[in-house]
Each structure stands twice: as structure tokens, then as C-alpha cells.
Amino acid sequence: MTTWTITPERPDSPVAAALWRAYYTEVSDRWYLRHEGRRTDPAELEREIAARPGSELAPPTGRLLIARYDGAPAGSAGVRLLDPATAELTRVFVYEALRGRGGAALLVAAAEDAARALGAGRLVLDTRTDLVEARALYARLGYTETERHNDDIYAEHWFRKELVN
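Residues numbered from 1 in each chain as written. Predicted model: local features only at pLDDT ≥ 70, side-chain atom pairs only at ≥ 80, totals over all residues. Heavy atoms only, no water.

In a regular helix each residue adds 1.5 Å, so 15 residues correspond to 21 Å; helix α3 (residues 103-117) covers 21 Å between its end C-alpha atoms and thus fits that length. Residues Gly103, Leu107, Val108, Ala110, Ala111, Glu112, Ala114 and Ala115 constitute the buried set of α3. In the segment just after α3, Gly119 is the residue with positive phi, at about 100°. (Helix = DSSP H or I, 4+ residues; strand = E, 2+ residues; numbered from the N terminus. Expected span 1.5 Å × (residues − 1). Buried < 20%, exposed > 50% of the residue type's maximum accessible area, 1.4 Å probe, protein only.)

A large share of strand β2 (residues 62-69) lies buried, amounting to 7 of its 8 residues. For strand β1 (residues 4-8) and β2, the ladder comprises 5 bridges, and the chain directions are antiparallel. Residue pairing in the sheet places Thr7 in a bridge with Ile66 of β2. Direction of pairing for β2 relative to strand β3 (residues 72-83): antiparallel, over a ladder of 8 bridges. (Pairing = 2+ DSSP bridges.)

Along the chain, Ala155 falls in the loop between β6 (144-146) and β7 (157-162). By relative accessible area, Ala155 is classed as buried at 7%. Along the primary structure Ala155 and Thr127 are separated by 28 residues, whereas in three dimensions their C-alpha atoms are 5.3 Å apart. Setting aside its immediate chain neighbours within four residues, Ala155 contacts Asp126, Thr127, Arg148 and Asn150. (Contact = heavy atoms within 4.5 Å.)

What follows deals with the nonpolar core. By size, the foremost hydrophobic cluster in this structure holds 41 residues, and its most contacted members are Trp4, Val79, Leu89, Val108, Leu123, Tyr138 and Tyr143. Of all the secondary-structure elements, those providing two or more residues to this core are α1 (14-36), α2 (42-51), β2, β3, β4 (86-94), α3, β5 (122-127) and α4 (132-140). (Core = buried A, V, L, I, M, F, W, Y, C linked by side-chain atoms within 4.5 Å.)

Our focus in this paragraph is empty space enclosed by the protein. Here the structure, examined in full by the defined rule, presents 1 cavity of 30 Å³ or more. Computed from the structure, the largest cavity encloses a volume of approximately 40 Å³. Taken together, Ala16, Leu19, Trp20, Tyr23, Leu64, Ile66, Ser76 and Arg91 form the lining of the largest cavity. Taken together, the elements giving at least two residues each to the lining of the largest cavity come down to α1 and β2. Looking at which element gives the most residues to the lining of the largest cavity, the answer is α1, with 4 residues. Among the residues making up the lining of the largest cavity, the classes are represented as 6 nonpolar, 1 polar and 1 charged. (1 Å grid on protein atoms, 1.4 Å probe; cavity = no way out; pocket = protein on both sides within 12 Å on 5 of 7 lines; lining within 4 Å. Points joined across faces, edges and corners; volume = space filled by probe spheres on them. Nonpolar A, V, L, I, M, F, W, Y, C, P; charged D, E, K, R; others polar.)

Below you can see the structure in the form of C-alpha cells.
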């Protein structure tokens, strides 16, 4: 039987870096294809990956979680405290070939647990209109669309979930 496992990982690990590259490539390409009819310029991709290494997802105020499917890296999710009561869910990603097998929901549940362990009572996130799979996932998992909570120029939808112990 094939199984999912989810464990914390350092944001600067090779596994985390590979998943960040895959995540960022996919969401960036989708944005550029939607708005400009092209894929991400490789030089821009490298600059953005280098500029956003994920250090905010390291303890003591953040966590990066890596999902493995049958032992192989398959996805990620991160949480970071925005304030003592609020954490942000970010970098939720599962390799396309493994989607539809329950990994994303398990990652989000583990991220919710990590947020609680950091002391947060609520989790917020942002996403884009074209990331319809993400929006459907969050709605299915009890997140409600809410007002803007950040000034991310790419964000078009904001969600929130109160965490219960």
C-alpha cells in the first residue's frame, strides 16, 4: 500500500529547494501564460528563487513540512507566524503526477497542527484566481474567503480558518 508521510524539513535543504523550484516554476508559468502568453524568463525565475529561500519558514516562528509519497519527496506546505495569534499558510504544493491522492489535504492538516504548535489560533492564506485547484481545496477544508490581509501584488483571493484545539 502506498502511503504519505509528512515531516518537518529545513527550508535550505536540497529537498525543500527542489520542491520550491517546482512550485515557483508552476505558479509563475501559469501567471505569465495567463497574462503575457509566455513562460517565465529563466533569469527571472532564478532571481526570484534566490530572493525567496523560505527562511521565514524556519523555527522558531515558522515550519516547512515535506510530504513524501512512498518515501519520495512529493509536496510541501509552510506556515509562519504573522503575529502571536495568526499564522500564514504558504507554499502548498504537490507534484502534478501525485495530485488527487489526498496529499494536499494531509499537508494542510499538518500545517494547521504546526500553526497550533506555534501558538496560532487562526490561519490565513492568499492565492490567485487561476489557481482554481487551490481555491477548491481550501474551501473544502473549511477555509472561508475573507478580506485582504496583505499587499501581495499577485494575490487575488484571501482565506481564513479559525483553528480549534
